[in-house]
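This is what each chain is made of:
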Amino acid sequence: MKKILSSEITPENLYLSRRKFIKQAALVVAGAGVLAACNGKLKLNPGTTASQTPTGITTPPSAGAQTDEYGRALTEYDAVTNFNNYYEFTTDKAGVARLSENFKTRPWTVEVGGLVNNPKTYDVDDLLNQFGEEERIYRLRCVEAWSMVIPWLGFPLHKLLKEVEPKASAKYVRFETLYDPEQMPGQKSPWYVWPYVEGLRVDEAMHDLTLISTGLYGKHLLPQNGAPLRLVVPWKYGFKSIKSIVKIDLVEEMPTSLWMAAAPQEYGFYANVNPQVDHPRWSQASERIIGDSGRKPTLMFNGYEEEVAPLYSGLDLEKWY
Amino acid sequence: MVLKKWFSFTRFQLLVHGASLLPFLILVVNYLTGNLTYDPIQAAMQRTGRYAMVLLLISLTCTPLNTILGFRPALKVRRALGLYAFFYASLHFFIFSVLDFQLNLSLILREIVYKRYIIVGTLALVILIALAITSTQRSMKRLGKLWKTLHQLVYASAILVILHFMWVVKSDIREPLLYGAVLALLLLVRIPAIRKKLSARPPRWIAPVNRALAK
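Rules and cut-offs
Residues numbered from 1 in each chain as written. Chains lettered and ligands numbered in written order. Predicted model: local features only at pLDDT ≥ 70, side-chain atom pairs only at ≥ 80, totals over all residues. Helix = DSSP H or I, 4+ residues; strand = E, 2+ residues; numbered from the N terminus. Buried ≥ 20, exposed ≤ 12 C-beta atoms within 10 Å, placed from the backbone. Contact = placed C-beta atoms within 7 Å. Rg over C-alpha atoms; globule rule 2.2 N^0.38 Å. Expected span 1.5 Å × (residues − 1).

### Points about the overall build of chain A
What chain A contains, in helices and strands, is eight helices and twelve strands. Residue burial in chain A is summarised as follows: out of 321 residues, 39% are buried. Contacts in chain A between residues at least 24 apart in sequence constitute 68% of all its contacts with a sequence separation of at least 6.

Here it is, written out as structure tokens:
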């Protein structure tokens, strides 16, 4: 048998560029499909129903930039969608994706009420049409001391709040996740008080960084990431960013979140990322970056100090953790 | 010489060695093939911690298995099981200090000094180190009566390990409680009065089992 010379084998760079070409060709084809369907804008087809595959799911993940403003690389799409803290499904981060794959995200409504002048129940697709989607590349810092960088899609919460007009007596915003133990088996666990509840002060909720996210990497959110819509508050620990929201209420009293109820000495209402205030059981001074090796120092307010520090002037951050 | 010793192992001993090393092999394969979740450091840390705890508990079953059931082969693997527990505990600490904290001493010290679960975990490991060092026949002879007292510290180490686990999990403490219950049971059957009562009548089937496993 004739021996194949190593020089006859396709060199790696050529081989790789061939793969890249195929990938790009696929991108162009898929992209053309999106353009045709959406008229040039990345938004949900208003006629989408539960039985249809929403636009965006078959398109490849994409983002407007490859890093955040500090130069930290985006966490790869597979990691973002397969490493999830979502106790409604399971406490196993690698198991959420599979357990949530049949989660029904359409039809879906969000009831916005409480101390507002215009309470209204929104269909999630109407919300998308009304407020659109913009990309925001945010760092996500989990209280367990790991972090990601994620290109979210969504709209700032203040757009929605302005429309319902909070009354002067409203001091806090209270968010609630869907309660459906049949679909979310983790909600059968007696260790937590379901449904998941989170809260923000009204001025925090009105801050431009506070996002209602409906997608990531140019695609619709998958159930494991909190589909169809979730909160993203990048300067707070990840657990504040409540998923699969069905209810938003403006209230006078500070809401008690699920974690505050479960372990009040460990989880406070504010939960601002703060390397100087340790969690009782682990240090918050540094973090493991998912997909990267080694630790990096944690930044005050997760690197959003300039934008959000004024919200907390005069507040004892050690006491109000 | 070494080969001869290896072949003098009974099948039961080989089984115990194989079963104790298997999780390490799987861990390495999972690591090399990228099947250790997207946070491999945490996954490896949790796995090695769990293996160390389970092996420590299994090593503590050896004595009662012999005294109560008359299951003699257990004594032949007791030391090995303890050393495997120590091996996984060391790996656990290595992942924490070298892979995760990259030997950043100020950060590591901050963790060890301020975090109660790390304090108890470190203490448990320190005990295991002392026991591993003195696990040889020579140490046994040299230390005499002191050896037994020293090695009774394994009970303290096991209790600290359970505490470590209990304090590290979030709200749901079912798993640590389960392991804690197993440890409580293993300690209870060591109380002389209870041990005597239980060991009064070893089961008849144990003799053939012992014979079969002695090969």
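### Examining the overall build of chain B
The secondary structure content of chain B amounts to twelve helices and zero strands. Put simply, chain B runs from its N terminus to its C terminus through helices and strands in the order α-α-α-α-α-α-α-α-α-α-α-α. Taken over C-alpha atoms, the radius of gyration comes to 19 Å for chain B, in line with the 17 Å a tight globule of 215 residues would show. If you line up chain B on its principal axes, its C-alpha atoms span 55 × 40 × 40 Å. Taking all 215 residues of chain B together, the buried fraction comes to 24%. Considering only contacts within chain B whose residues lie at least 6 apart along the sequence, 66% involve residues at least 24 apart.

### Comments concerning the environment of Y84(B)
Residue and element names in this part refer to chain B. Inspection of the secondary structure assignment puts Y84 in helix α4 (residues 73-100). According to the C-beta neighbour criterion, Y84 is buried, with 25 such atoms within 10 Å. Y84 sits 41 residues away from A43 along the chain, and the two C-alpha atoms are 19 Å apart. Look past the residues within four positions of Y84 in its chain and what remains in contact with it is S20 and L55.

### Remarks on helix α9 (residues 153-168) of chain B
Residues and elements named next belong to chain B. Look at α9: 23 Å from first C-alpha to last across 16 residues, which is about the 22 Å you get at 1.5 Å a residue. Along α9, the positions that sit buried rather than exposed are S157, A158, L160, V161, I162, H164 and F165. The secondary structure elements touched by the buried residues of α9 are α3 (40-69), α6 (116-133) and α10 (174-188).

### Concerning the environment of L157(A)
All names here are of chain A. With respect to the helices and strands, L157 occurs in helix α5 (residues 157-164). Assessed through the 25 C-beta atoms surrounding it within 10 Å, L157 is described here as buried. Not counting chain neighbours up to four residues away, the residues in contact with L157 comprise A205, T210, L211 and I212.

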